[in-house]
Amino acid sequence: ILSDPAGLDPARVEAIVMAITGVRQCGRVRSRGMEESVWVDLTIQRVIEVISAMPTIPLWLGLAAAVPLTWSPLQVYFTITLIVALFGWTGLAREVRGRFFALRNDDFVTAAKLDGSSERRVIFRHILPSLTSHILAVVTLALPTMIVAETALSFLGIGLKAPVVSWGVLLQDAQNIRVISTAPWLLIWPAGAVIITVLSYNFLGDGLRDAADPYES
């Protein structure tokens, strides 16, 4: 057939074979990449589940109590921040992952793929801007949690200590009923500042979410 003028052209046959081989190789590489991404996702999810299963407050207390007494207030502050953040990133990771999987099958993502956009461009150019409002809301709601955690640790005496100024350190003077009855401002002003700050961050998160919402008319 190859030598017959009415048959197939050898060059054309060779081109078809090479094209089929290339498609198969691309499919294998893509399948291998998808398997690796699935394993990475499963590993991260198991780590998140292990961290989320740990009791947060006892771990905060234990790790904060292990901070050496010879450290400077700045070192203690950054250590407390790292301890609180160590168990605070799991919520944001779950929120972003769930929202990402909800958006990856939307019409605008499908249109971008049909237009020839790469996966990197689809993620950073189309999906990530749609997640901005959600990420802002979650982050602004996580900041008050960290403020309350640092205040609680300092109030219990295992966080920042005097002469460092902190709301938790100021609230240490209000641990006695007699002190509160004679000087109620020792409790009112620091506690009021914490409440106002937490509410302000919540309102700020709502405003940023509404401002960055791509579906807001």
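So, on to the side chain of Ser166. Checked against the element boundaries, Ser166 lands in the loop between α6 (119-155) and α7 (167-171). Since its relative accessible area comes to 8%, Ser166 is described here as buried. Separated by 3.0 Å, the side chains of Ser166 and Glu150 make a polar contact. Beyond its immediate sequence surroundings of up to four residues, Ser166 is in contact with Glu150, Ser154 and Leu160.

Let's shift gears to the pattern of salt bridges. Inspection of the entire model under this criterion finds 1 salt bridge. With a closest N to O distance of 2.8 Å, Arg46 and Glu49 form a salt bridge. Residue Arg46 and its partner Glu49 are both found in helix α1 (residues 10-53); the two are separated by 3 residues, about one turn of the helix.

Here we come to the packing of helix α3 (residues 73-86) against α6. Where α3 contacts α6, the two axes come as close as 10 Å, and the packing angle between them is 125°. Comparing their axes, α6 and α3 come out oblique. Regarding α3 and α6, the two cross each other, and that crossing is right-handed. Side by side, α3 and α6 meet where Ile80, Val84 and Ala85 of the first sit next to Met146, Ala149, Glu150 and Leu153 of the second.

Counting residues in each nonpolar core, the largest one holds 13 residues, and the members touching the most others are Trp60, Val76, Ile80, Val84 and Leu153. Considering every element that reaches this core, the biggest residue donor is α3, with 4 residues. Judged by nonpolar contacts, the second largest core, of 6 residues, contains Leu103, Val109, Val122 and Leu131.

What follows is about the confidence of the model for the protein. Predicted confidence across the protein gives a mean pLDDT of 76, with 80% of residues reaching 70 or more. Across the protein, α7 holds the top mean pLDDT of 86, while α1 sits lowest at 64. Throughout residues 1-7 the model reports pLDDT below 50, and contacts reaching past four residues in sequence, or to other chains, amount to 5 contacts.

A few words now on the packing of helix α4 (residues 89-103) against α6. Two elements in contact, α4 and α6, have axes separated by 10 Å at closest approach and are oriented at 140°. Classified by the interaxial angle, the pair formed by α4 and α6 is oblique. The element α4 and its partner α6 pack so that their crossing is right-handed. Across from Leu92, Glu95, Val96, Arg99, Phe100 and Leu103 in α4, the residues of α6 making contact are Ile123, Ile127, Ser130, Leu131, His134, Ile135, Val138 and Val139. When grouped by side-chain class, the residues that make up the contact of α4 with α6 number 10 nonpolar, 2 polar and 2 charged.

A few words on the environment of Phe108. Mapping Phe108 onto the fold places it in helix α5 (residues 107-114). Here Phe108 falls in the partly exposed class, since its relative accessible area comes to 29%. As a C-alpha pair, Phe108 and Val122 span 14 residues in sequence and 9.5 Å in three-dimensional space.

Time to look at the packing of aromatic side chains. Inspection of every chain in the model, using the stated rule, returns 1 aromatic pair. Relative to Phe101, the ring of Phe100 has its centre 6.2 Å away and its plane inclined at 90°; by these criteria the two rings are edge-to-face.

Analysis parameters
- Residues numbered from 1 in each chain as written.
- Predicted model: local features only at pLDDT ≥ 70, side-chain atom pairs only at ≥ 80, totals over all residues.
- Heavy atoms only, no water.
- Helix = DSSP H or I, 4+ residues; strand = E, 2+ residues; numbered from the N terminus.
- Buried < 20%, exposed > 50% of the residue type's maximum accessible area, 1.4 Å probe, protein only.
- Polar contact = N/O pair within 3.5 Å; in protein donor to acceptor, adjacent residues only side chain to side chain.
- Contact = heavy atoms within 4.5 Å.
- Salt bridge = Lys/Arg side-chain N within 4 Å of Asp/Glu carboxyl O.
- Axes fitted to C-alpha atoms, helices over the stretch in contact; angles between N-to-C directions.
- Parallel < 35°, antiparallel > 145°, perpendicular 65-115°, else oblique.
- Left-handed = near helix turned anticlockwise from the far one by under 90°.
- Core = buried A, V, L, I, M, F, W, Y, C linked by side-chain atoms within 4.5 Å.
- pLDDT = per-residue confidence, 0-100.
- Nonpolar A, V, L, I, M, F, W, Y, C, P; charged D, E, K, R; others polar.
- Phe/Tyr/Trp six-rings, centres within 6.5 Å; stacked < 30°, edge-to-face > 60°.

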